Amino acid sequence: MSKWMNINGRRVVFEEGETVLEVATKAGIYIPTLCARPDLPSFGACRLCIIDVEGARTYPNSCTLPAREGMVVRTATPDLQAVRRNVFQLILAEHPSYCIICKEHDECEKVRHGEYKAGRVIGCFTCSNKEICEIREISEYLRIKEIRYPMLYKNLPLERDDPFLVRDYNLCILCARCIRACQDVLGYSAIDLTKRGHDTKVGTISEVSHLESGCVFCGHCIDVCPTGALIARGSTWFGKPDKSVTTTCNLCSHGCQMVIDVKWDKVVNVHPPYELSARREYCVKGRFCIPALVNGRDRLKYPTIKRKLIKEEQHPVSWDEAISYTAEKLKSFKPEEIGIIIAPSLTDESVFILSKFAQKVSTNSIVYDEEGIMSLQSQGVKAYVTTFNSKIFSKLEGLEFLVLQDIYESITSESAEVVLPTTVFTEEDGTKSGEEYMRYSINKAVEPPGEALPSWAIFCRIAQSMELEGFSYNSIEELKDEIMNSEPLDIPKISKQNLEYMGIPLTEKVEEFRLYITTKRAINQSEGKGEVDVQI
Amino acid sequence: MSKFEILKKEEFVPNFYKLDIAVPGIAKKAKAGQFILVMVDKQSEKIPLTILDWDEEKGTISFIVQELGLSTSKMAFMEEGDSFYSIVGPLGEPAYLENFGTVVLGGGCYGVGAVFPIAKGLKALGNYVITIIEAKNENLLYYEEEYKTVSDEVILVTTDGSKGERGHIYDVLDNMIEVQKRKIDHIKVIGCNVMMSKVSKLTKEKGAIPTYATVTTIMVDGTGMCGSCRLSYDGKTKFACVDGPEFDAHKIDWDELIHVRNTSYITEETLGLQNFSPECRSLAKYQERTKEEEAS
Amino acid sequence: MKSKERMQIPFTDMPTQPPQVRAKNFREVPYGYSEEMAIQEANRCLNCKKPKCVEGCPVRVPIPEFISLVQEGKFLEAAWKIKERNVLPAVCGRVCPQETQCEAQCIRGKKGRSVGIGNLERFVADYERLSGHIPEPIRVSKNGKKVAIVGSGPSGLTTAGDLILQGYEVTVYEAFHLGGGVLVYGIPEFRLPKSVVQFEIQNLENAGVKFVYDSVIGRIRGIDELFTEDGYDAVYVGVGAGLPVFMNIPGENLQGVYSANEYLTRSNLMKAYLYPEYNTPLLTGKNVVVVGGGNVAMDSARTALRLDADNVYIVYRRSREQMPARLEEVHHAEEEGIQFRLLSNPVEIMGDEKGRIESIRCQRYELGEPDKSGRARPVPIEGDYFVLNSDLIIIAIGNKANPLITMTTPDLEVNKWGNIVTDELGRTSKPFVYAGGDIVTGAATVISAMGAGRRAAMAIHEDLFPTTEVKTEGFTIPKETLEIKHAAIYPKTVYLRLNLINSSEKELDQVKIRISHVHDFFETTMFETTIPRWSPGEEHEFDCPRIDKNEKEYLITINDLHGKIMSKIIVAEEVKR
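Residues numbered from 1 in each chain as written. Chains lettered and ligands numbered in written order. Predicted model: local features only at pLDDT ≥ 70, side-chain atom pairs only at ≥ 80, totals over all residues.

### Structural notes on the overall build of chain B
Within chain B one finds 10 helices and 15 strands. In terms of C-alpha radius of gyration, chain B reaches 20 Å, essentially the compact-globule figure of 19 Å for 296 residues. The principal-axis extent of the C-alpha atoms belonging to chain B is close to 70 × 45 × 40 Å. Counting only residues that meet the buried cut, chain B has 55% of its 296 residues in that class. Contacts in chain B between residues at least 24 apart in sequence constitute 64% of all its contacts with a sequence separation of at least 6. (Helix = DSSP H or I, 4+ residues; strand = E, 2+ residues; numbered from the N terminus. Rg over C-alpha atoms; globule rule 2.2 N^0.38 Å. Buried ≥ 20, exposed ≤ 12 C-beta atoms within 10 Å, placed from the backbone. Contact = placed C-beta atoms within 7 Å.)

### Some words on the overall build of chain A
Across its full length, chain A holds 16 helices and 22 strands. Dimensions of chain A, computed from the C-alpha atoms along their principal axes, are close to 90 × 55 × 55 Å. Buried positions account for 47% of the 536 residues belonging to chain A. Sequence separation of 24 or more characterises 63% of the internal contacts of chain A that already satisfy a separation of 6 or more.

### Let's talk about the pairing of strand 4 (residues 47–55) of chain B
Residue and element names in this part refer to chain B. Most of strand 4 is tucked away, with 7 of its 9 residues classed as buried. With 4 bridges connecting them, strand 3 (residues 35–39) and strand 4 associate as antiparallel partners. Bridging from a neighbouring strand, Val 38 pairs with Ile 47 of strand 4. Bridge count between strand 4 and strand 5 (residues 60–66): 4 bridges; the pairing is antiparallel. (Pairing = 2+ DSSP bridges.)

### Focus on the packing of helix 6 (residues 169–179) of chain B against helix 7 (residues 193–205) of chain B
Residue and element names in this part refer to chain B. Following both chains from N to C, one finds helix 6 and helix 7 inclined at 20°, their axes separated by 9 Å at the closest point. When the axis of helix 6 is compared with that of helix 7, the two are roughly parallel. The crossing of helix 6 and helix 7 is right-handed. Along the contact surface, helix 6 presents Ile 169, Tyr 170, Leu 173 and Asp 174, while helix 7 presents Met 195, Lys 198, Val 199 and Leu 202. Its residues placed into classes, the contact of helix 6 with helix 7 shows 6 nonpolar, no polar and 2 charged. (Axes fitted to C-alpha atoms, helices over the stretch in contact; angles between N-to-C directions. Parallel < 35°, antiparallel > 145°, perpendicular 65-115°, else oblique. Left-handed = near helix turned anticlockwise from the far one by under 90°. Nonpolar A, V, L, I, M, F, W, Y, C, P; charged D, E, K, R; others polar.)

### A short note on helix 13 (residues 455–465) of chain A
All names here are of chain A. The buried fraction of helix 13 amounts to 8 of the 11 residues, a majority that puts the element mostly inside the structure. Here helix 13 has its buried residues at Ser 455, Trp 456, Ile 458, Phe 459, Cys 460, Arg 461, Ile 462 and Ala 463. Contacts from the buried residues of helix 13 go to helix 9 (319–331), helix 10 (348–361), strand 17 (401–406), strand 18 (418–421) and helix 14 (476–484). Positioned one or two residues after helix 13, Glu 467 has a phi angle of 60°, which is positive.

### Thoughts on the domain arrangement of chain A
All names here are of chain A. If you check the domain split of chain A, you get domain 1 (3–76), domain 2 (152–295) and domain 3 (304–495). Of note, the centres of domain 2 and domain 3, computed from C-alpha atoms alone, are 36 Å apart. Between domain 2 and domain 3, the residue contacts involve 17 residues of the former and 18 residues of the latter. Mapped onto the side of domain 2 that touches domain 3, the elements with two or more residues apiece are strand 9 (243–248), strand 10 (257–263), strand 11 (266–271) and helix 8 (284–295). Counting residues per element, the side of domain 2 that touches domain 3 draws most heavily on strand 9, which supplies 4 residues. Of the residues assigned to the side of domain 2 that touches domain 3, the class counts are 8 nonpolar, 7 polar and 2 charged. (Domains from an automatic or database assignment.)

### So, the interface of chain A and chain B
The partner chain B presents 33 residues to the 40 residues of chain A that form the contact. Sorting elements by how many residues they give to the side of chain A that touches chain B places helix 16 (residues 511–529) of chain A first, with 8 residues.

### Some points on the sheet that holds strand 8 (residues 128–135) of chain B
All names here are of chain B. Taken in spatial order, the 7 strands line up as 10-9-8-7-11-12-15 in an open sheet, and their pairing is mixed. Looking along the sheet, the strands with just one partner apiece sit at the ends: strand 10 (165–166) and strand 15 (246–248). As defined by bridge partners, strand 7 (residues 102–108) adjoins strand 8 across 7 bridges and the pair is classed as parallel. Bridging across to strand 8, Val 104 finds its partner in Ile 130. Its contacts with the sheet place helix 7 against strand 7, strand 11 (186–190) and strand 12 (211–214), and it is angled at close to 170° to strand 12.

### Regarding helix 9 of chain A
Given 3.6 residues per helical turn, the α-helix brings residues three or four places apart onto the same face. Residue and element names in this part refer to chain A. Between the first and last C-alpha of helix 9 there are 18 Å, a value that for 13 residues agrees with the 18 Å anticipated at 1.5 Å per step. Of all the positions in helix 9, only Ala 322, Ile 323, Thr 326 and Leu 330 are classed as buried. The buried residues of helix 9 occupy one face: seen down the axis, they fall within an arc of 95°. Those residues of helix 9 that are exposed and angled more than 90 degrees off the buried face are Glu 328 and Lys 331. (Expected span 1.5 Å × (residues − 1). Arc of directions from axis to C-beta.)

### Concerning the domain arrangement of chain B
Residue and element names in this part refer to chain B. When the domains of chain B are assigned, the result is domain 1 (6–91) and domain 2 (102–261). Between the C-alpha centres of domain 1 and domain 2 there is a distance of 21 Å. The interface of domain 1 with domain 2 comprises 18 residues on the first partner and 19 residues on the second. At the level of elements, strand 1 (6–13), strand 3, strand 4, strand 5 and strand 6 (86–91) are the ones that each hand at least two residues to the side of domain 1 that touches domain 2. The element that contributes the greatest number of residues to the side of domain 1 that touches domain 2 is strand 4, accounting for 5 residues. Of the residues in the side of domain 1 that touches domain 2, the class split is 13 nonpolar, 3 polar and 2 charged.

### Digging into the interface of chain C and chain B
Residue-level contacts link 30 residues of chain C with 39 residues of chain B. Counting only elements with at least two residues in the side of chain C that touches chain B, the list comes to strand 5 (243–244) and helix 14 (260–269) of chain C. Residues belonging to the side of chain C that touches chain B are distributed by class as follows: 14 nonpolar, 11 polar and 5 charged.

### Thoughts on the confidence of the model for chain B
This prediction gives chain B a mean pLDDT of 87; 97% of its residues lie at or above 70. Across the assembled chains, the prediction reports ipTM 0.90 with pTM 0.86. (pLDDT = per-residue confidence, 0-100.)

### Focus on unusual backbone geometry
Residues and elements named next belong to chain B. Put simply, Gly 244 and Pro 245 share a cis peptide bond, and its omega is 10°. Structurally, Pro 245 is set in the loop between strand 14 (236–239) and strand 15. Backbone geometry places Ala 208, a non-glycine residue, at a positive phi of 45°. Owing to 9 C-beta atoms within 10 Å, Ala 208 belongs among the exposed residues under this scheme.

### Structural notes on the nonpolar core
By size, the foremost hydrophobic cluster in this structure holds 379 residues, and its most contacted members are B:Ile36, C:Val124, C:Val235, C:Val237, C:Val290 and C:Ile394. Of the residues forming this core, the biggest block, 10 residues, is contributed by helix 19 (residues 446–464) of chain C. Those residues in contact with C:Val237 that lie beyond four places of it in its chain are C:Val150, C:Ile405, C:Ile420, C:Val433, C:Tyr434, C:Ala435 and C:Ile439. Counting residues in hydrophobic clusters, the runner-up holds 22 residues, among them C:Val511, C:Ile513, C:Leu555 and C:Ile556. (Core = buried A, V, L, I, M, F, W, Y, C linked by C-beta atoms within 7 Å.)

### Describing the environment of C:Glu334
Take C:Glu334: it is sitting in helix 16 (residues 327–336). Along the primary structure C:Glu334 and C:Met298 are separated by 36 residues, whereas in three dimensions their C-alpha atoms are 9.5 Å apart.

### A short note on the environment of A:Thr431
Along the chain, A:Thr431 falls in strand 19 (residues 430–433). Between the alpha carbons of A:Thr431 and A:Asn443 there is a distance of 8.5 Å; along the sequence they are 12 residues apart.

### A look at the environment of A:Ser433
Residues and elements named next belong to chain A. Residue placement: Ser 433 occurs in strand 19. When the 20 C-beta atoms within 10 Å are taken as the criterion, Ser 433 is described as buried. When the C-alpha atoms of Ser 433 and Cys 225 are compared, they prove to be 33 Å apart, with 208 residues separating the residues in sequence. The residues touching Ser 433, leaving out its near neighbours within four places in the chain, are Asp 348, Arg 439 and Ile 491.

### Some details on the sheet that holds strand 17 (residues 482–489) of chain C
Residue and element names in this part refer to chain C. As summarised here, the arrangement of the 3 strands in space is 17-18-21, forming an open sheet in which the pairing is antiparallel. Edge positions in the open sheet fall to strand 17 and strand 21 (539–545), since each of these has one partner strand only. The average undirected angle you get between the axes of adjacent strands in this sheet is 15°.

### Topic: the pairing of strand 6 of chain B
For a regular strand, the rule is simple: side chains alternate between the two faces of the sheet. Residue and element names in this part refer to chain B. Of all 6 residues that make up strand 6, 6 are buried, and the element is covered over most of its length. Inspection of the sheet shows strand 3 paired to strand 6 by 4 bridges, in the antiparallel sense. Bridged to Leu 37 within strand 6 is Val 88.

### Thoughts on the packing of helix 14 of chain C against helix 15 (residues 295–306) of chain C
All names here are of chain C. Where helix 14 contacts helix 15, the axes come no closer than 10 Å and their chain directions differ by 50°. On the basis of the axis angle, helix 14 is oblique to helix 15. As helix 14 runs across helix 15, the sense of the crossing is left-handed. Residue-level inspection shows Ala 260, Tyr 263, Leu 264 and Ser 267 of helix 14 in contact with helix 15, the latter providing Val 296, Ala 297, Asp 299, Ser 300 and Thr 303. Across the contact of helix 14 with helix 15, the residue classes break down as 5 nonpolar, 3 polar and 1 charged.

Put into structure tokens, the structure is as follows:
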């Protein structure tokens, strides 16, 4: 038997244990709130979600009030709205909100196309959350035109000494969402309410840096913050994204679903999907390092071949030239002299094509590992085609021909004879086999830089140039069909601790990540943990 | 004292920094109203900043910078003892100063600082100087005390009325002209282009009181070579870096300046910030603390 | 090898990036010769007894000598041979229009291709740079004179290079943070890698030239202060023609309209093409219109193409044959896919409500009667317009003289276009101030600026160490009091600079200076002036125009306040033997 209650004159069904706020939200009835969120335990801090319950003497918080059979509730009576306005003005008085009440608000919007992008927030026009601000939404809903209380600017310093995070607690309204996300949902206690009374603020215990406080930089506090107090450095100031693409992280085989925010065809932010169910702990790599990895200016964009005039250098060439050059060269080697190295970070499609290619041209194909390559060397392999970048290639003896497929310039790319630019997982469609035989879909979010191609496309072209059968596909769908009907492949796995993507250590490409690692190591050592590596 | 070294840095209101820099050559030559072009590091762009003050003997200049983008953010991260990569100046024509009689100076935003040398110069020439300084809120007002030493009157105005008058510089000016019927011989304003355009419109309507505005434009070289800073002035194209930066406000095409010329690089700026990862100081602080602990 | 064999060797083309590949990167277009290629090309040179090629070179590089060294495989020696005459070989090898200079004179050009002199010059300079063998600079004893050079562009660098070899103390003042002037801010990386320019500047520094960056002469220092405060003996002004010309058509100030100067400066000097690693932003466009037909227009168009434009149009008023750009540049641009809209001229730029450009309207032209320059004059066709959709417009229709120096130095004579007036060796109307390059000629080429720099260096040396004899007689006060700092006869003036020695105890009042020439015992006064008060340490200059160039001797008389003759100086032009 379902249970019923009455909200704003409508009969609404509910289940035992639901709060009135949850029931109303499910029924599509808006109740303003700044502290409640479906994925967080109720707290009752902001007092905006108050409701008028028939028979009650006060206005209870709907976020903490369990729904009862036959309850009669009103959510927006004039009295309620008046109280709300009062409550909200008190919140605004301690949040830099002159822009909300400014007479020139509309005109200002026209002139200031968001040219303030740094420092402490001193008004909405300098706030990175301007276009996605819950406070502004509510002030519009409540039609706030003035603030009757003296405004107080807390004048707290900008906290930007930690990697990834910038915190401006002058904007904080003490809703405690971040603390609940950190403590109650994820089970850490990096942050808490510190100090008392008027000085109450969110912070780490004994005001140490976040790096020392046990923070794992999962970024969930940022995702739940209703103001611009918590922001991710490097992912901020973009405003509303042009599009958001849900895909699977390919940094390891864990299979985290992630939303990639795209603006101006650039990856600008990575965060978990909003829904409660998908919310699991993100690692710092996935949450913060992907934009820097994808958008790096020194990404390889065009194929190059190494030639010598006065000195040896990589010379840019067209794909046609690079492909036919590689094909011709490979043909001059015997199958047992060719080694094909598969990177663990490839999509299933690319692994399939590479394995198929390897079966036809070589007798040696391995998933990258250092010992494996050393043993290939001892078997007399002279030509390597690798999708994984490793310093080991520059040390190999008897190396005659090295084809490297990569995303960045490196020492290996300098020594390789042919360098082919490839895509990162945000730039291609495909499938990823994760742990426990789960298959996840990888969806393209942005265009690859320059002429970079996905691995499978590159190797299909090389194979075709070598006149091998079975490498012509009109679309990736055709390829997927073929994989479905083939024998299951042994898809390489990447452990969660692996810091490398296609052989590129993240610490090399993401400045802040490097700092994060060094600091964590320093802290571990000082705590007597010796040379332990950091759990990422 | 190395080249372009920061001798002193102070954040006196949120996001506003005053920097004292060692540049003897510029300190010797600077005049009120002139500016410098600054590059923070080798990768940095060149941005123009008005010279606030200079000390020929010490060989230093100071300027105020508001943190609002990539380059200014980099400056905010710099510390005393750090050095700039390049400072060129003094550039631009000095402000037009003489004994006008009663002069009203208006400064908003970064202009609150930029007006200072002009006030000083005008006061020395025997003018009756009225300075109006504007900010959004009480906590963003600065230099009140300093202005008292170089002005005969200082009027404060805030957008939200938290200190002084409520409103803007042009509201105060309007009141002075219309209600108080004060005789004003000359007006100079520095601040955001919107504020200056409104003052210009007002004073043009109220009997064309001579009004000079120091425009803010995007610049590259500061010597008239690129034309990035061009604006329409009296039907002609002028370059702010060599013909200005101070112009007769009534002859400037303000609409073009505000809506067209100055909004070019918003997208690029944001993407630039994405790649800006300043050397975080956590590690250094942590090491410092562990050292202290060890010592004690 | 016999001449006959040499004649049979075909021209060696430089390996070059294919057009479709290079249009997407900022790497240099030609890769340059390898050692074998260089020797093969050098072997085509017949080592003429009377080498015409040298005559075609504005700076007289010993071309046959360096080519013979290349033939022998002595590449470093070849580089040093060039450097005896040319301080910027790697630059000249790339940007000189050899086809109209040295190579145009080459005897082999009469039948088939000339020897690739430019290619070889470039090869040996690159070889030297990449080899890491840098010769010890020739240390010459200082001659005690100081010269300031304003602007570190091609002419300034040449002057500096020449003067340093003659023992001058040379300081180059540069407004930007990097030296090279137009070589760095104007010419794109794919035509002239910046590392090449920095290497040449480094070489000059090694030789003793001092570079002072971030200094805008005219602002931080005036020309006069360079003499009075810094004690320079001569100043060379090579500031280029940095004042962009706009078209004065509606919409020109819209967002997305650049002067070529700004576009190229952002991209080249400030390295905006490496944004965001370098912080200077640059708008990119999918449909780019470049207005103009010179080298700068080609550079802008090709830069835009490399910054991911889909379509790049060159809109030019005249016909292809009349384009001022180097043929090779036009050819390169065309290969890369730049589209030419010739005989057309923009009349209006249209924008959207946000002030961003959307399109450009152009009028078609046809060729009419020849004008003063002999080129057929383009005449607009009434009512014949077309519109190009465009999100980026670059105006490359030339540069005028930048007035910053001339405005702050009022006694520097300029013509009606604002260019400094000089004689053939670069002497300006102001004594000991010289000028050359685009500030004198208006926008021209790198090599002509270098030629002007070289000539000015000659003039400076001639003037500071003139072949003028100075005799003094009849001093009535101790000789140590008045010191002749400089006295000389120049083609147009007689010049005298006197100093009242610092150790003098009192000031002199009412000193009268008279310059006259004596002919058959008749003294004709040409110039007379009175210095009311002369304090110790103070210098005064006197500059008197010559009437008759045949006068070889001048008498300078100095009287004190009582009319008593203090001194008589005879300045005579030394008879050259």
